[in-house]
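Fold and geometry: a report
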Amino acid sequence: MANSNLTTAEQLAREELLDMVPYQSARRLFASADAQTDKVWLNANEAPGTGNYQLNASNINRYPDFQPESLICAYANYADISQDSLLATRGADEGIELIIRSFCQAYQDNIIICPPTYGMYAISAENHGAGVITVPLKADDLTLDLDGLKQQVAKAKVVFLCSPGNPTGNLLPQAQILAAIELFKGTAMVVIDEAYIEFCPDYSCAKLIKQYDNVIVLRTLSKAFALAGLRCGFTLANPDVITLLSKVIAPYPISAPVAEIASKALTNELTMMRSRVQETNSIKESLAAWLASQAWCQQVFASNANFVLFRCSSANEKTRIFELLLENDILIRDQSKQLQLEHCLRISIGSEQEIAKLQQILSTQ
Ligand SMILES: *Cc1c(COP(=O)(O)O)cnc(C)c1O
């Protein structure tokens, strides 16, 4: 019987969607109309500045190529990978969604996540009707619980690992990543999310896709390349995986202006990107050292990414720090609801001036 209090859409929709909570992105929590004001945005791991891009829109009457050649060629060169092992997507987020839709039968198959971790894996799974098995990182050092993972072998189709991790910032040990890939050989795809790999390029797992047919690596232009607004990411995997994902992705995923800007970023702006990374890493190190010396700071997590996670000495201190910054128009991210991250806050590394302002406010409380 139709319930007359419900709209037609509510009556017709997949039932589980009605109560589903969408990803609470930093941008949903604080809308970007405010970005024009003098707020300091340190809550979404974006880069503080941008490059200078000029658009040529003369071909905009035509559909773009399915995978724009100049873009794929530029990323293949940058990542040192063959062109047929690459899929350009609307951000790494779309890569996550495509992988789940390609490998998980709805209402039957599962993914594995290792929290504390990036929220979109579980949300994409939920959206598609895939189950989520949780194997938390080890509480003492935030590395993989390989015994826990072993118990889930053959119970999931996809395993999401994030290295460097978000919101933790740490790398997973290479030996553990290899062990996980071996563990799930033949039963699950192991996805290594490298959204932050430019901040520690020596630790990329991209080479492993040549060796293992169950490895997928995710990349993005949103972080080190300072192009979060562009929505461009890449999935790296063996050609058979790319062929599969290509059947699921939209027919024209990368718009012509996106391809044009991204291609430029990957050719002319690489030196700029690398110096941005160096500067970010150096600001991060000094911020981490400063945080460690504050009375209200109980723990600073080692970070290989463009943010620092730290634990406050109490729930009250956590709220006080967050609110004090907010009152002064500085937005950081509360991570205290994540597993094992009680009283934790995360600061994205902005410009030197922005971080100096943050330190000044927290010093003169
Ligand atoms: C930011 C982020 C993404 C998403 O990147 P987009 O390319 O902007 O969609 C994926 N994974 C992790 C771990 C991230 O932090």
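Sequence order as written defines residue numbering, which begins from 1 separately in each chain. Whole-chain, interface and lining totals are the exception, using all residues; otherwise, since this is a predicted model, local features are given only for residues with pLDDT of at least 70 and side-chain atom pairs are given and counted only at 80 or more. The side-chain quantities take in all heavy atoms of the structure and omit both hydrogens and water.

Only strands that DSSP links by at least two bridges are regarded as paired with each other. Segments assigned H or I by DSSP are reported as helices when at least four residues long, segments assigned E as strands when at least two residues long, and all are numbered from the N terminus. Across the sheet, four strands lie side by side as E9-E10-E13-E12; this open sheet has antiparallel pairing. Only two strands of the sheet have a single partner each, and these edge strands are strand E9 (297–300) and strand E12 (333–334). Strand direction decides the pairing type here: E12 and strand E13 (residues 344–348), joined by two bridges, are antiparallel. Bridge pairing links Asp 334 to Leu 345 in E13.

Whenever Lys or Arg places a side-chain nitrogen within 4 Å of a carboxyl oxygen from Asp or Glu, that contact is recorded as a salt bridge. One pass over the structure, following the stated rule, counts 11 salt bridges. Ionic pairing is found between Glu 94 and Arg 90, a salt bridge with its closest N-O pair at 2.3 Å. Between buried and exposed lies partly exposed: a residue is buried under 20% and exposed over 50% of the maximum accessible area for its type, with that area taken using a 1.4 Å probe on protein chains only. For Glu 94, a relative accessible area of 9% puts it in the buried group. The partner of Lys 185 in a salt bridge is Glu 182, and the shortest N-O contact between them spans 3.2 Å.

Whether a residue is near a molecule or strand depends on its heavy atoms: it is near if one of them lies within 4 Å of it. By nearness alone, 13 residues border the ligand, and Asp 193, Tyr 196, Thr 220, Ser 222 and Lys 223 come closest of all. In protein, a polar contact means a hydrogen-donor-capable atom and an acceptor-capable atom, both N or O and within 3.5 Å, with residues adjacent in sequence counting only if both atoms are side-chain atoms; elsewhere, any N or O pair within 3.5 Å suffices. Here an oxygen atom of the ligand sits 3.0 Å away from a polar atom, N or O, in the main chain of Asp 93. Accessibility throughout is a Shrake-Rupley quantity obtained with a 1.4 Å probe, and a residue counts as covered only by protein chains that appear here. Contact with the protein chains covers 94% of the free accessible surface of the ligand, which is 390 Å². In a pocket analysis with a 2 Å cut-off to the grid points, the ligand is assigned to the largest pocket. With three residues, helix H5 (residues 91–103) is the single largest residue contributor to the shell around the ligand. Each residue gets one label: Ala, Val, Leu, Ile, Met, Phe, Trp, Tyr, Cys and Pro are nonpolar, Asp, Glu, Lys and Arg are charged, and the others, such as Gly, are polar. Grouping the amino acids of the shell around the ligand by side-chain chemistry returns five nonpolar, four polar and four charged. Cavity means a closed set of points on a 1 Å grid over the protein atoms alone, one where a 1.4 Å probe fits but cannot get out, pocket means an open set with protein on both sides within 12 Å along at least 5 of 7 lines, and lining means a residue has an atom within 4 Å of a point. Those molecules having more than half of their atoms within 2 Å of a cavity or pocket grid point set are described as sitting in that cavity or pocket.

This part takes up the nonpolar core. We call a set of buried Ala, Val, Leu, Ile, Met, Phe, Trp, Tyr and Cys residues a nonpolar core when their side-chain atoms join them within 4.5 Å. In terms of nonpolar packing, the biggest core is built from 64 residues, with Tyr 75, Leu 221, Phe 225, Phe 234, Leu 236 and Leu 266 touching the most fellow members. Top element by residues in this core is helix H4 (residues 69–79). It accounts for seven residues. Domain delimitation follows an automatic or database domain assignment. Residues from two domains meet in this core; each of domain 1 (12–48 + 271–363) and domain 2 (64–268) gives at least three. Among all residues touching Tyr 75, those that are not within four sequence positions of it are Asp 80, Leu 86, Glu 198, Arg 219, Leu 221, Phe 234, Leu 236 and Leu 266. Core analysis: the second largest hydrophobic core is formed by 27 residues, Leu 87, Met 120, Ile 123 and Ile 242 among them. Here, residues are in contact when the closest pair of their heavy atoms is within 4.5 Å.

For the rest of this paragraph, the subject is the packing of aromatic side chains. Pairing of aromatic side chains requires ring centres within 6.5 Å, counting the rings of Phe and Tyr and the six-membered ring of Trp. Pairs whose planes differ by under 30 degrees are stacked, by over 60 edge-to-face, and all others tilted. Scanning the entire structure with this criterion turns up 10 aromatic pairs. Through a chain of ring-to-ring contacts, three or more aromatic side chains come together here, namely Tyr 23, Tyr 118, Tyr 121 and Phe 160. Only Lys NZ and Arg CZ are tested; either one counts as a charge over a ring when it is within 6 Å of the ring centre and within 35 degrees of the ring normal. Looking at Arg 346, its charged tip hangs above the ring of Phe 307, at a distance of 5.5 Å from the centre.

Below, the discussion takes up the UniProt feature "domain: Aminotransferase class I/classII large" (unreviewed entry) in the chain. UniProt positions are given in the numbering used here, feature names are shortened, and annotations may be inferred rather than shown by experiment. The UniProt feature table records "domain: Aminotransferase class I/classII large" (unreviewed entry) at residues 38–358. Secondary structure within residues 38–358 divides into 36% helix and 17% strand; the distance between the first and last C-alpha atoms comes to 14 Å.

With that settled, the discussion passes to empty space enclosed by the protein. Grid points are joined across faces, edges and corners, and a volume is the space filled by probe spheres set on the points. Applying the stated criterion across every chain, the model contains two cavities of 30 Å³ or more. In this structure, the largest cavity spans a volume of roughly 90 Å³. Along the walls of the largest cavity sit 13 residues, with Cys 114, Thr 117, Leu 137, Cys 162 and Leu 172 positioned nearest its centre. Among the residues making up the lining of the largest cavity, the classes are represented as eight nonpolar, five polar and no charged.

Attention now moves to the UniProt feature "modified residue: N6-(pyridoxal phosphate)lysine" (unreviewed entry) in the chain. Feature annotation in UniProt assigns "modified residue: N6-(pyridoxal phosphate)lysine" (unreviewed entry) to the following positions: Lys 223. A relative accessible area of 14% means that Lys 223 is categorised as buried. With near-sequence residues (within four places) excluded, Lys 223 lies in contact with Ala 44, Asn 45, Ala 47, Ala 195, Tyr 196, Phe 199 and Asn 306.

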